[in-house]
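So the chains spell out like this:
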Amino acid sequence: EDQVTQSPEALRLQEGESSSLNCSYTVSGLRGLFWYRQDPGKGPEFLFTLYSAGEEKEKERLKATLTKKESFLHITAPKPEDSATYLCAVNQAGTALIFGKGTTLSVSS
Amino acid sequence: KAGVTQTPRYLIKTRGQQVTLSCSPISGHRSVSWYQQTPGQGLQFLFEYFSETQRNKGNFPGRFSGRQFSNSRSEMNVSTLELGDSALYLCASSLVGTPNTEAFFGQGTRLTVV
């Protein structure tokens, strides 16, 4: 069974059109939720870590939030350079990171 | 500060051969984890090493193995390669490993098995 589910699988936006990516998880004993950005042919680049429900973190046009069941990555006024695959991962007690399959974001000018 | 370095970047191997991939973590990081990334399965955890000891292992067959050296550099080996082993293999380093610490990834090694 999927422990980390990301939606949508793909998202196309116009430059400046804000939206949100979703990451829902079913693991128990969450020790942290991580967001990564991955460009084609490259390794994932760390964006945020969230540890507890209600926590929020921001970086430029990105804002990540966490509830007890899901996390959102809000993208405000995106630019073409924000196009990438965004990966969510959770860390369960005693295990390694469990990744979702990602949301591929395309931003056109 | 240098990032995580993986070598080689690209590899083409024949079914039945074996392959060794290398990962040099960020200086001072003692944990190294390996992941396999494929279009269908996404990122899947292989194993984690910390201070030369395997601390966690994913659900992969015994053909996949790894080790870590005293300088924290790590290698993973895949024996008797199968077509399905074609993937991007990613290494991630962190200060003390899971849980709770940020993992930084290398560029990956693209393995193609023909």
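Above this note sits the structure.
Residues numbered from 1 in each chain as written. Chains lettered and ligands numbered in written order. Predicted model: local features only at pLDDT ≥ 70, side-chain atom pairs only at ≥ 80, totals over all residues. Heavy atoms only, no water.

J.: Teacher, can you tell me more about the overall build of chain A here?
T.: The helix and strand tally for chain A stands at zero helices and 11 strands. Counted from the first residue to the last, chain A has its helices and strands arranged as β-β-β-β-β-β-β-β-β-β-β. Over its C-alpha atoms chain A spans a radius of gyration of 13 Å, differing by no more than 12% from the 13 Å that the globule rule assigns to 109 residues. With respect to the principal axes defined by its C-alpha atoms, chain A has extents near 45 × 30 × 20 Å. Look at the contacts in chain A between residues 6 or more apart in sequence, and 53% of them connect residues 24 or more apart. Surface accessibility of chain A: about 5200 Å² in total, with carbon and sulfur atoms responsible for 46%. Separation between the mean location of the 12 positive side-chain charges and that of the 14 negative ones in chain A comes to 4 Å. (Helix = DSSP H or I, 4+ residues; strand = E, 2+ residues; numbered from the N terminus. Rg over C-alpha atoms; globule rule 2.2 N^0.38 Å. Contact = heavy atoms within 4.5 Å. Areas by Shrake-Rupley, 256 points an atom, 1.4 Å probe, with all protein chains shown as cover. Lys, Arg positive; Asp, Glu negative; His and termini not counted. Charge placed at Lys NZ, Arg CZ, Asp CG, Glu CD.)

J.: Would you mind going over the layout of surface pockets with me for this structure?
T.: Which parts of space are left empty comes out when a probe the size of a water molecule is rolled across the atoms. By volume, the largest pocket amounts to about 1200 Å³. Around the largest pocket, the lining comprises 44 residues; the ones closest to its centre are A:Phe99, A:Lys101, B:Gln41, B:Gly42 and B:Leu43. Looking at the lining of the largest pocket, the elements that each hand over two or more residues are β1 (4–7), β9 (84–92), β10 (97–99) and β11 (103–108) of chain A together with β4 (31–38), β5 (42–50) and β6 (53–57) of chain B. Looking at the lining of the largest pocket element by element, the count peaks at four residues for β5(B). Space inside the second largest pocket adds up to approximately 170 Å³. In terms of residue class, the lining of the second largest pocket is built from three nonpolar, no polar and seven charged. (1 Å grid on protein atoms, 1.4 Å probe; cavity = no way out; pocket = protein on both sides within 12 Å on 5 of 7 lines; lining within 4 Å. Points joined across faces, edges and corners; volume = space filled by probe spheres on them. Nonpolar A, V, L, I, M, F, W, Y, C, P; charged D, E, K, R; others polar.)

J.: Quick question: what am I supposed to make of the sheet that holds strand β8 (residues 70–75) of chain A here?
T.: Residues and elements named next belong to chain A. Taken together, five strands build an open sheet; the order of strands is β1-β3-β8-β7-β6 and the sheet is antiparallel. With one partner strand each, in any of the chains shown, β1 and β6 (56–59) form the two edges of the open sheet. Adjacent strand axes in the sheet meet at a mean angle of 15°, parallel and antiparallel pairs treated alike. Bridge count between β1 and strand β3 (residues 19–25): four bridges; the pairing is antiparallel. Bridge pairing in β3 links Gln 6 to Cys 23. (Pairing = 2+ DSSP bridges. Axes fitted to C-alpha atoms, helices over the stretch in contact; angles between N-to-C directions.)

J.: Would you explain the pattern of salt bridges in this entry?
T.: Two side chains that carry opposite charge are able to pair once their charged atoms sit near each other. Tallied over the full model, the rule gives nine salt bridges over all chains. Among the salt bridges present, the one from A:Lys63 reaches A:Glu56, with a minimum N-O distance of 3.3 Å. For the salt bridge of A:Arg61 with A:Asp82, the shortest nitrogen-to-oxygen distance reads 2.8 Å. Placement of A:Arg61 in the loop between β6 and β7 (62–66) and of A:Asp82 in the loop between β8 and β9 is noted, with a sequence separation of 21 residues between them. Among the charged side chains, a salt-bridge network with shared partners connects B:Arg63, B:Glu82 and B:Asp85. (Salt bridge = Lys/Arg side-chain N within 4 Å of Asp/Glu carboxyl O.)

J.: I'm lost on the pairing of strand β11 (residues 109–113) of chain B in this one. Help?
T.: Successive residues of a regular strand alternate their side chains across the two faces of the sheet. Residue and element names in this part refer to chain B. Along β11, the buried face is formed by Thr 109, Leu 111 and Val 113; none of Arg 110 and Thr 112, which line the opposite face, is buried. Sheet topology places strand β2 (residues 10–13) next to β11; four bridges connect them, and they run parallel. Directly across from Lys 13, in β11, lies its bridge partner Val 113. (Buried < 20%, exposed > 50% of the residue type's maximum accessible area, 1.4 Å probe, protein only.)

J.: Where do I start with the interface of chain A and chain B in this structure?
T.: By a widely used convention, the size of an interface equals the accessible area lost when the partners come together. Contacts between the two partners involve 19 residues from chain A and, on the opposite side, 20 residues from chain B. In total, chain A and chain B occlude about 1600 Å² of area from one another, counting both sides; carbon and sulfur atoms represent 54% of this. The interface formed by chain A and chain B holds zero salt bridges in total. When contributions to the side of chain A that touches chain B are tallied by element, the ones reaching two or more residues are β4 (30–38), β5 (45–50), β9 and β10 of chain A. When residues in the side of chain A that touches chain B are grouped by element, the largest group, four residues, is from β4(A). Looking at side-chain class alone, the side of chain A that touches chain B contains nine nonpolar, seven polar and three charged residues. (Buried area = accessible area lost by both parts, 1.4 Å probe.)

Keep in mind that these numbers describe shape and distance, not what the molecule does.
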